[in-house]
Amino acid sequence: MSGCSCNNQTLAVGNHECCSQTSFVQDKLCAPYTITSVTPLITIYALNTNPSKTFVSGTISLESGPTGGDVTVTFLLGATIVETDTLIVGASLAFTKSGFTSITLTGTGAAPFTPPYQGEFCLTPRYPLG
């Protein structure tokens with residue numbers, strides 16, 4: 001894998017002495033979520049920038065929910081599933097990813113979800129200016 005090149009000279013990965021610097025915007029969003037049997041699938045993040053140039057770090061926690069149930073976390077690129085993870089009550093997922101356009105959470109198990117699934121997500125997207 002090569003790094004950037006300048007003055008017709010290829011630099012090693014990690015050596016970016018003459019590469020142009022890109023300024024990134026960094027936002028942070030934290031919010032609670034609730035999943036009920038009426039709304040078993042919710043979208044917690046939808047990207048409105050180029051997914052190949054946006055990097056998102058975050059955590060998603062599941063604090064409560066019905067006994068034996070879990071929440072499926074799905075990263076999508078359009079309608080295509082990029083990755084799925086499963087959270088059980090008391091668990092958290094930490095990630096840093098790019099190449100996706102939305103994150104959905106889906107409650108599983110028999111309805112009604114009593115108590116409802118509840119947790120929190122914190123997301124920090126970073127994307128270049130201009």
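For the structure, see preceding data.
From a predicted model like this one, the values you see are computed outputs, not experimental measurements.

S.K.: What exactly am I supposed to notice about the pairing of strand S7 (residues 70-77) here?
M.R.: The side chains of a regular strand alternate, first on one face of the sheet and then on the other. Of all the eight residues making up S7, six are buried; the element is thus mostly covered by neighbouring parts of the structure. Between the end of S7 and the start of strand S8 (residues 80-88), which pair antiparallel, lie two residues, with Gly78 showing a positive phi angle near 65°. In this structure, S7 lies alongside strand S10 (residues 102-107), joined through six bridges in antiparallel fashion. Across the sheet, the residue bridging to Val71 is Gly107, located in S10.

S.K.: Explain the side chain of Thr74 here, please?
M.R.: As for its position among the elements, Thr74 is in strand S7. Dropping the residues within four chain positions of it, Thr74 is found in contact with Ile81, Glu83, Thr84, Ser102, Ile103 and Thr104.

S.K.: For this particular structure, what's the right way to read the sheet that holds S7?
M.R.: As a general point, the strands of a sheet are linked pairwise by backbone hydrogen bonds and lie either parallel or antiparallel. Spatial ordering of the open sheet is given by S5-S10-S7-S8, a layout of four strands whose pairing is antiparallel. Of all the strands in the sheet, just strand S5 (41-46) and S8 have a single pairing partner and so form its edges. Between one strand axis and the next, the sheet turns through 20° on average, direction left out of account. As paired strands, S5 and S10 are joined by five bridges and run antiparallel to one another. Bridge assignment links Ile42 to a residue of S10, and that residue is Leu105.

S.K.: Just checking my understanding: could you explain the pattern of salt bridges for this structure?
M.R.: Side chains that differ in sign of charge can pair as their charged atoms come close. In this structure the tally under the stated criterion is one salt bridge. Residues Glu83 and Lys97 are paired through a salt bridge, measuring 2.7 Å at the closest nitrogen-oxygen approach. In this pair, Glu83 sits in strand S8 while Lys97 sits in strand S9 (residues 92-97), placing the two residues 14 residues apart along the sequence. The class of Glu83 is partly exposed, set by a relative accessible area of 28%. Here Lys97 falls in the buried class, since its relative accessible area comes to 19%.

S.K.: Is there a simple way to think about unusual backbone geometry in this case?
M.R.: Glycine aside, residues mostly have negative phi, and peptide bonds are mostly found in the trans state. Residues Ala111 and Pro112 are joined by a peptide bond in cis, for which omega reads -5°. By the secondary structure assignment, Pro112 is in the loop between S10 and strand S11 (117-128).

S.K.: Explain the environment of Phe24 to me, please; I cannot follow it from the model alone.
M.R.: Relative to the helices and strands, Phe24 is located in strand S3 (residues 24-26). Among the residues examined, Phe24 registers a relative accessible area of 44% and is labelled partly exposed. Taking the C-alpha atoms as reference, Phe24 lies 9.3 Å from Thr54; in sequence the two are 30 residues apart.

S.K.: What is the right way to look at the state of the cysteines in this model?
M.R.: Here is the idea: a disulfide is a covalent bond, and it sits between the sulfur atoms of two cysteines. Considering all chains together, one arrives at one disulfide under this definition. Between the sulfur atoms of Cys30 and its disulfide partner Cys122 the distance amounts to 2.1 Å. One quick way to see it: the torsion about the S-S bond of Cys30 and Cys122 is about 120°, and its sign makes the bridge right-handed. Of this pair, Cys30 sits in strand S4 (residues 29-35) while Cys122 sits in strand S11, and the two are 92 residues apart along the sequence. The partly exposed category is assigned to Cys30, whose relative accessible area is 37%.

S.K.: I'm lost on the packing of aromatic side chains in this one. Help?
M.R.: Centre-to-centre distance and the angle between the planes together describe a pair of aromatic rings. Going through the model one piece at a time under the given rule, you end up with four aromatic pairs. An aromatic cluster is present here, built from Tyr45, Phe75, Phe95 and Phe100 joined pairwise through their rings. The residue whose ring lies beneath Lys97 is Phe75, and the NZ or CZ to ring-centre distance is 5.1 Å.

Scoring rules and cut-offs
- Residues numbered from 1 in each chain as written.
- Predicted model: local features only at pLDDT ≥ 70, side-chain atom pairs only at ≥ 80, totals over all residues.
- Heavy atoms only, no water.
- Buried < 20%, exposed > 50% of the residue type's maximum accessible area, 1.4 Å probe, protein only.
- Helix = DSSP H or I, 4+ residues; strand = E, 2+ residues; numbered from the N terminus.
- Pairing = 2+ DSSP bridges.
- Contact = heavy atoms within 4.5 Å.
- Axes fitted to C-alpha atoms, helices over the stretch in contact; angles between N-to-C directions.
- Salt bridge = Lys/Arg side-chain N within 4 Å of Asp/Glu carboxyl O.
- Disulfide = S-S within 2.5 Å.
- Phe/Tyr/Trp six-rings, centres within 6.5 Å; stacked < 30°, edge-to-face > 60°.
- Lys NZ or Arg CZ within 6 Å of the ring centre and 35° of its normal.

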